[in-house]
Amino acid sequence: MDHTDRRSHLATDDADGDRSLGTRGFSLTEVVTTLAIIAILAAIAIPSYQTQIRQGRRTDGQTALLNIAIAQERFRANCNRFADTLAGTRHCGDGESATSVLGLAASSADGHYALALSGVGTSGFTASASALGDQTRDQSAGVSCATLTIDQDGHRTPLPCW
């Protein structure tokens, strides 16, 4: 087969019945259609992915709060009261007005939550984890999970976020 035969072998009939060389590639319509489909899939998938990421990060705050509750129980067994401060060197404090320190970090392990103690007394405490950054948009069953709490009895709020 010589050079001309190969070329005529690739020739096809176009809409007018003329013989022309076969074209390669995609038409503009095919490219635009493909891009539109990709854009629609991305618009559906990305928000769902971000929701799953936030839900996974929520465990960072939950774990931190459970660790605080356990540390508070240990602290109370040794000091006969709950600690009123998280960060610093752990100590019981002397006297009624002295500050007692739990000795834990004021942020969660992965840094997605700021931690705090409130309502600390001889019989109870409330520990809270406040979301930071994009984590503030976290929700579960229509309830905001931006602030998670646990108390001395293990009561957790908001319940759908646990």
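Everything discussed here concerns the structure shown above.
A.B. asks: Any chance you could explain the pairing of strand S3 (residues 113–118) here in plain terms?
C.D. replies: It is a general feature of regular strands that their side chains alternate between the two faces of the sheet. Burial along S3 is one-sided: the face carrying Tyr113, Leu115 and Leu117 is buried and the face carrying Ala114, Ala116 and Ser118 is not. Taken together, the six bridges between S3 and strand S4 (residues 126–131) define a ladder with antiparallel strand orientation. Bridging from a neighbouring strand, alanine 116 pairs with serine 128 of S4.

A.B. asks: Looking at this structure, I do not really get the state of the cysteines. What am I missing?
C.D. replies: Should the sulfur atoms of two cysteines be covalently bonded, the bond is a disulfide. Enumeration over the complete set of coordinates arrives at two disulfides. Through a disulfide, cysteine 79 is tied to cysteine 92; the S-S separation comes to 1.6 Å. Between cysteine 79 and cysteine 92 the sulfur-sulfur dihedral comes to about -50°; the bridge is accordingly left-handed. Within this pair, whereas cysteine 79 is found in helix H2 (residues 28–79), its partner cysteine 92 is found in the loop between H2 and S3, the two being separated by 13 residues in sequence. For cysteine 79, a relative accessible area of 13% translates into the label buried. Here cysteine 145 is linked by a disulfide to cysteine 161, with a sulfur-sulfur distance of 1.9 Å. Because the torsion about its S-S bond is -85°, the bridge between cysteine 145 and cysteine 161 counts as left-handed. Highlighted residues: cysteine 145 in the loop between strand S6 (143–144) and strand S7 (147–151) and cysteine 161 in the segment after strand S8 (156–157), separated in sequence by 16 residues. Pair check on accessibility: cysteine 145 and cysteine 161 agree, each one buried.

A.B. asks: Quick question: what am I supposed to make of the pairing of S7 here?
C.D. replies: Extensive coverage of S7 is indicated by the burial of four of its five residues. Pairing analysis gives two bridges linking S7 to S8, with the strands arranged antiparallel. What sits directly across from threonine 149, in S8, is threonine 157. Following S7, the chain reverses through four residues before pairing antiparallel with S8; glycine 154 in that reversal takes a positive phi of roughly 85°.

A.B. asks: Before we go on, may I ask you to explain the pattern of salt bridges in this structure?
C.D. replies: Considering all chains together, one arrives at three salt bridges under this definition. Of the charged contacts, one joins aspartate 134 and arginine 54 as a salt bridge, the two residues approaching to 3.1 Å between their closest N and O atoms. Taken as a pair, aspartate 134 in the loop between S4 and strand S5 (139–140) and arginine 54 in helix H2 lie far apart in primary sequence, 80 residues in all. Residue class for aspartate 134 comes out partly exposed when judged on its relative accessible area of 34%. With a shortest N-O distance of 2.6 Å, arginine 58 and aspartate 138 are connected by a salt bridge. Placement of the pair is arginine 58 in helix H2 and aspartate 138 in the loop between S4 and S5, with a sequence separation of 80 residues.

A.B. asks: What exactly am I supposed to notice about the side chain of aspartate 60 here?
C.D. replies: Within the element layout of this structure, aspartate 60 appears in helix H2. Of the buried charged residues, aspartate 60 lacks a salt bridge, with arginine 57 as the closest side chain of opposite charge at 7.9 Å. From its side chain, aspartate 60 meets the backbone nitrogen of histidine 112 in a polar contact 3.3 Å long. Look past the residues within four positions of aspartate 60 in its chain and what remains in contact with it is Ser108, Ala109, Asp110, Gly111, His112 and Tyr113.

Calculation criteria
- Residues numbered from 1 in each chain as written.
- Predicted model: local features only at pLDDT ≥ 70, side-chain atom pairs only at ≥ 80, totals over all residues.
- Heavy atoms only, no water.
- Buried < 20%, exposed > 50% of the residue type's maximum accessible area, 1.4 Å probe, protein only.
- Helix = DSSP H or I, 4+ residues; strand = E, 2+ residues; numbered from the N terminus.
- Pairing = 2+ DSSP bridges.
- Disulfide = S-S within 2.5 Å.
- Salt bridge = Lys/Arg side-chain N within 4 Å of Asp/Glu carboxyl O.
- Lys, Arg positive; Asp, Glu negative; His and termini not counted.
- Polar contact = N/O pair within 3.5 Å; in protein donor to acceptor, adjacent residues only side chain to side chain.
- Contact = heavy atoms within 4.5 Å.

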